[in-house]
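Coordinate analysis (summary)
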Amino acid sequence: MSFVPASVLLRAAQSGGYAVGAFNCSNMEIMQAIVRAAEAEKAPVILQVSQGAIKYAGLEYLVAMARAAARQAAVPIALHLDHGTDVGLILECVQAGFSSVMFDGSKLPLEQNIVLTRQVVEASRRARVSVEAELGRISGAEDDIAVGEHEALFTDPEEARFFVEQTGVDSLAVAIGTAHGRYRGEPKLDFERLSRISSSISTPIVLHGSSGVPDEAIREAIKRGVRKINIDTDIRQAFIGAVRQALAKDPEEIDPRKILGPAREAATEVIRGKIRLFGSSGKAEFFHGNRVLGG
Ligand code: G3H
Ligand code: 13P
Ligand code: ZN
């Protein structure tokens, strides 16, 4: 199977009332963990790579690995650029075969965010590539952006409606109280705001910074319209935790496979749990023989 446009996966999630997991990776083992988890759960999945991941692993390597995964997998897979801020790199990703890109203009003035998002939408449409945008500021570390918690601006529902009308984006990342990375306390999500955003737009809503958000809050967010859920930190924690354990068990071990193999398994388990929580287990079935695929 080739990559599926994320919009196709998210529209199905919209009608099915569940969310699709979007998992970050920048190496082979974590990419395999994501695909293995999705296959074990028979779930559609979004593989996402950040600009930092591309800098680390190289665009060609990441696309080639994801292609191999999609070719072998029996579940629909989208390849997505996460938090793209460099329009040149976004266009390179479109050229390279990504089926989805995010333009993150959340730190720009609204007008500029709209103009650049619209440019990315126009360029991507021609290639049948989906576009996610961000409105409001999700606090935490977003690539080079360091946003203080108190500076974080939540998404305004009316502005969201205007933004979607002006840009024609396929999905919208919103700021409702989540943050990237590890939480210090328990995150408090503004569910009332989320419901108002859901009523203002029919575009699928994306939740960033979803690691460490309690399961009950995730379920509530899905009930209120979240259709794509981004997870990075929880995977890193599981993966590196297992690396530490393997090294502690045998500090003399020098075979990377003996260290990274168990880490890949630990990551797979965490991702399977998330997929079940998001309600997307078993949903790959829907896409079999479906002619909307093939992005
Ligand atoms: O939201 C950001 C993602 O967790 C990616 O992080 O820029 O360190 O790859 P990164
Ligand atoms: P976490 O690292 O907090 O899970 O956030 C992931 C994310 O939003 C990627 O865009
Ligand atoms: Zn994010």
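Our subject is the structure listed above.
Residues numbered from 1 in each chain as written. Chains lettered and ligands numbered in written order. Predicted model: local features only at pLDDT ≥ 70, side-chain atom pairs only at ≥ 80, totals over all residues. Heavy atoms only, no water.

1. Section: the coordination of the zinc ion (ligand 3)
His83 (NE2), His180 (NE2) and His208 (ND1) make up the full set of protein donors to the zinc ion (ligand 3), lying at 2.0 to 2.1 Å. Along the chain, the residues donating to the zinc ion (ligand 3) are arranged with the sequence spacing H-x96-H-x27-H. Of the two residues, histidine 83 sits in strand β3 (residues 77-84) while histidine 208 sits in the loop between β9 (205-207) and α9 (215-223), which places them 125 residues apart along the sequence. Since its relative accessible area comes to 6%, histidine 83 is described here as buried. (Donors = N, O, S within 2.8 Å, 3.2 Å for Na, K, Ca; no water. Helix = DSSP H or I, 4+ residues; strand = E, 2+ residues; numbered from the N terminus. Buried < 20%, exposed > 50% of the residue type's maximum accessible area, 1.4 Å probe, protein only.)

2. Brief notes about the pattern of salt bridges
In total, this model carries 15 salt bridges according to the counting rule given. Among the ionic pairs, arginine 224 bridges to glutamate 220, the shortest N-O distance being 2.8 Å. Exposure remark for arginine 224: the relative accessible area of 27% places this residue in the partly exposed category. Residue aspartate 232 is joined to arginine 236 by a salt bridge in which the shortest nitrogen-to-oxygen separation is 2.9 Å. Residues joined by salt bridges that share partners form a network here, namely Glu41, Arg272 and Arg276. (Salt bridge = Lys/Arg side-chain N within 4 Å of Asp/Glu carboxyl O.)

3. Quick notes on the state of the cysteines
A complete count under the given rule lists zero disulfides for this structure. Sulfur of cysteine 25: no disulfide; nearest cysteine sulfur belongs to cysteine 93 and is 13 Å away. By relative accessible area, cysteine 25 is classed as buried at 4%. (Disulfide = S-S within 2.5 Å.)

4. Quick look at the site of ligand 2
Near ligand 2 lie 15 residues; those nearest to it are Asp82, Gly209, Ser211, Asp232 and Thr233. Here histidine 83 contributes a side-chain N or O atom positioned 3.1 Å from an oxygen atom of ligand 2. Protein chains shield 96% of the accessible area of ligand 2, which is 300 Å² for the free molecule. Looking at the shell around ligand 2, the elements with two or more residues in it are β3 and β10 (226-231). Taken together, the residues of the shell around ligand 2 sort by class into two nonpolar, eleven polar and two charged. (Near = heavy atom within 4 Å. Polar contact = N/O pair within 3.5 Å; in protein donor to acceptor, adjacent residues only side chain to side chain. Areas by Shrake-Rupley, 256 points an atom, 1.4 Å probe, with all protein chains shown as cover. Nonpolar A, V, L, I, M, F, W, Y, C, P; charged D, E, K, R; others polar.)

5. Points about the environment of leucine 116
When you line up the elements, leucine 116 lands in helix α6 (residues 110-125). Residues leucine 116 and threonine 85, spaced 31 residues apart in sequence, show a C-alpha to C-alpha distance of 9.8 Å. Discounting chain neighbours no more than four positions away, the residues touching leucine 116 are Val87, Phe103 and Leu108. (Contact = heavy atoms within 4.5 Å.)

6. Concerning the side chain of serine 100
Topologically, serine 100 is positioned in strand β4 (residues 100-103). Non-local contacts of serine 100, meaning those with residues more than four positions away in its chain, are made with Ala6, Leu79, His80, Leu81, Val129 and Ser130.

7. Re α6
For α6, which comprises 16 residues, the first-to-last C-alpha distance of 22 Å matches the rise-based estimate of 22 Å (1.5 Å per residue) to within 8%. Inspection of α6 places Asn113, Ile114, Thr117, Val120, Val121, Ala123 and Ser124 among the buried residues, and these make up the whole buried set. Packing partners of the buried residues in α6 comprise α5 (87-96), β4, β5 (130-135) and α7 (157-167). (Expected span 1.5 Å × (residues − 1).)

8. Observations concerning helix α2 (residues 28-41)
In a regular helix each residue adds 1.5 Å, so 14 residues correspond to 20 Å; α2 covers 20 Å between its end C-alpha atoms and thus fits that length. All buried positions along α2 are accounted for by Glu29, Ile30, Met31, Ala33, Ile34, Val35, Ala37, Ala38 and Glu41. Turning to α2, the residues buried within the fold contact β1 (20-24), β2 (45-50), α4 (59-72), β3, α10 (233-249) and α11 (256-278). Following α2 by one or two positions, lysine 42 adopts a phi angle in the positive range, close to 50 degrees.

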